[in-house]
Amino acid sequence: MPVLRWLNLSLLILYPVAWFAPLIRAGLLPLFGLSEISVLSGLQSLWETDVMLALLVTVLALFAPYLKTIGLALIHFGMLRRRILPVLNLLGKLAMADVFLIALYVVVAKGVGVGRVETAWGLYLFSACILTSLVIGILTEKRARI
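Reading the values: the criteria
- Residues numbered from 1 in each chain as written.
- Predicted model: local features only at pLDDT ≥ 70, side-chain atom pairs only at ≥ 80, totals over all residues.
- Heavy atoms only, no water.
- Helix = DSSP H or I, 4+ residues; strand = E, 2+ residues; numbered from the N terminus.
- Expected span 1.5 Å × (residues − 1).
- Buried < 20%, exposed > 50% of the residue type's maximum accessible area, 1.4 Å probe, protein only.
- Pairing = 2+ DSSP bridges.
- Axes fitted to C-alpha atoms, helices over the stretch in contact; angles between N-to-C directions.
- Contact = heavy atoms within 4.5 Å.
- pLDDT = per-residue confidence, 0-100.
- Salt bridge = Lys/Arg side-chain N within 4 Å of Asp/Glu carboxyl O.
- Phe/Tyr/Trp six-rings, centres within 6.5 Å; stacked < 30°, edge-to-face > 60°.
- Parallel < 35°, antiparallel > 145°, perpendicular 65-115°, else oblique.
- Left-handed = near helix turned anticlockwise from the far one by under 90°.
- Nonpolar A, V, L, I, M, F, W, Y, C, P; charged D, E, K, R; others polar.

Peer 1: Looking at this structure, how should I read helix 5 (residues 121-145)?
Peer 2: Side chains three or four residues apart in an α-helix point the same way, a direct result of the helix having 3.6 residues per turn. Across its 25 residues, helix 5 extends 36 Å between first and last C-alpha, which sits within 8% of the 36 Å expected from 1.5 Å per residue. Buried residues of helix 5: Gly122, Leu123, Leu125, Phe126, Ser127, Cys129, Ile130, Ser133, Leu134, Ile136, Gly137 and Thr140, and no others.

Structure, rendered in C-alpha cells:
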C-alpha cells in the first residue's frame, strides 16, 4: 500500500506538468512552423469560442482526474471511507474520455490533410497519468475487498 500512496501522490505533481506540456503540434502548412497546444492553451481557446465545450473539457481534463487523485490519497491515509471508490473510479473513466477526445481530434485533423498535426510528449504524459490513476484505483479497490 505505501507504493500506491506515493505513486498516487506523485500524480498531484505530474498532472499540472501534463496540463502545461504540449499535447500536439499543429500547423496549417508543412512549410510553416508548428504551434504547440497544451491542455491549458486549448482550454483558453475553447473559452473564447464555445463555453459549454470548454466547461465540459475543464471538468474532464482538470477536475475529474485531480479530484480522483485527492480522493484516493484520502482513502490511502485513512481519511475517507472506501465506499467512495466507485465514484472515484467513475471520475477516472471520465478523465480517460478526455484523452480519447484528444486522440480523435488528432485523427480527424490528419485525415483532412489540410495541415500537419504531430503528437507531443505531453499527450503521453497526460495519458500515462490517467492510466496510472486508473490502475491505482483498481488496486485500491482490490485491497479494500481483502
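Once you've had a look at it, read on.
Peer 1: Before we go on, may I ask you to explain the sheet that holds strand 1 (residues 22-27) in this structure?
Peer 2: Whether parallel or antiparallel, the strands of a sheet pair through hydrogen bonds between backbone atoms. Pairing is antiparallel in the open sheet, where 3 strands are placed in the order 2-1-3. Both outer strands of the open sheet, strand 2 (35-38) and strand 3 (116-119), are each paired with one neighbouring strand and no more. Neighbour-to-neighbour, the strand axes of the sheet open up by a mean angle of 25 degrees, direction not taken into account. The pairing of strand 1 with strand 3 spans 4 bridges and is classified as antiparallel. Looking at strand 3, one finds that Ala26 is bridged to Val117. Sheet contacts for helix 2 (residues 39-49): strand 1 and strand 2; angle to strand 2, the most-contacted strand, approximately 90 degrees.

Peer 1: Help me understand the environment of Ser127 in this model?
Peer 2: Residue placement: Ser127 occurs in helix 5. Measuring from C-alpha to C-alpha, the distance between Ser127 and Phe100 comes to 9.3 Å, with 27 residues separating the pair along the chain.

Peer 1: Just checking my understanding: could you explain the confidence of the model for the protein chain for this structure?
Peer 2: Detailed reading of the predicted model is not advised wherever pLDDT is low. Scored by pLDDT, the protein chain has a mean of 86; 87% of the residues are at 70 or more. Helix 4 (residues 85-112) is the least confidently modelled element of the protein chain, averaging 76 in pLDDT, while helix 1 (residues 2-20) averages 96, the highest of any element.

Peer 1: How do you make sense of the pattern of salt bridges when you look at a structure like this?
Peer 2: Where side chains of opposite charge bring their charged atoms close, a pairing between them can arise. Summed over the entire model, instances satisfying the criterion amount to 1 salt bridge. The closest approach of N and O atoms between Arg25 and Glu36, which form a salt bridge, is 3.1 Å. Residue Arg25 is found in strand 1, and its partner Glu36 is found in strand 2; the two are separated by 11 residues along the sequence. On the basis of relative accessible area, Arg25 is assigned to the partly exposed category, the value being 22%. Residue Glu36 is classed as partly exposed on the basis of its relative accessible area, which comes to 48%.

Peer 1: Just to check I follow, could you spell out the packing of aromatic side chains for this structure?
Peer 2: Each aromatic ring pair is described using two quantities: the centre-to-centre distance and the angle formed by the ring planes. With the rule as written, the count across this model stands at 3 aromatic pairs. On the basis of an interplanar angle of 20 degrees and a centroid distance of 6.3 Å, the ring pair of Tyr15 and Trp19 is categorised as stacked. Here the residue Tyr15 and the residue Trp19 both occupy positions in helix 1, the gap between them amounting to 4 residues, near one helical turn. The burial state of Tyr15 is the same as that of Trp19; both residues are buried. On the accessibility criterion, Trp19 (11% relative accessible area) is buried. Among the aromatic residues, ring-to-ring pairing joins Tyr15, Trp19 and Tyr66 into one connected group.

Peer 1: Help me out: how do you make sense of the packing of helix 1 against helix 5 in this one?
Peer 2: Between two packed helices, the angle of one axis relative to the other and the distance separating the axes together describe the packing. At a closest axis distance of 10 Å, the pairing of helix 1 and helix 5 adopts a crossing angle of 155 degrees. By the criterion of interaxial angle, the relationship of helix 1 to helix 5 is roughly antiparallel. Crossing geometry of helix 1 relative to helix 5 is assigned as left-handed. Side by side, helix 1 and helix 5 meet where Leu4, Leu7, Asn8, Leu11, Leu14, Tyr15, Val17, Ala18 and Trp19 of the first sit next to Trp121, Leu125, Phe126, Cys129, Ile130, Thr132, Ser133, Ile136, Leu139, Thr140 and Arg143 of the second. Classifying every residue of the contact of helix 1 with helix 5 by side-chain character gives 15 nonpolar, 4 polar and 1 charged.

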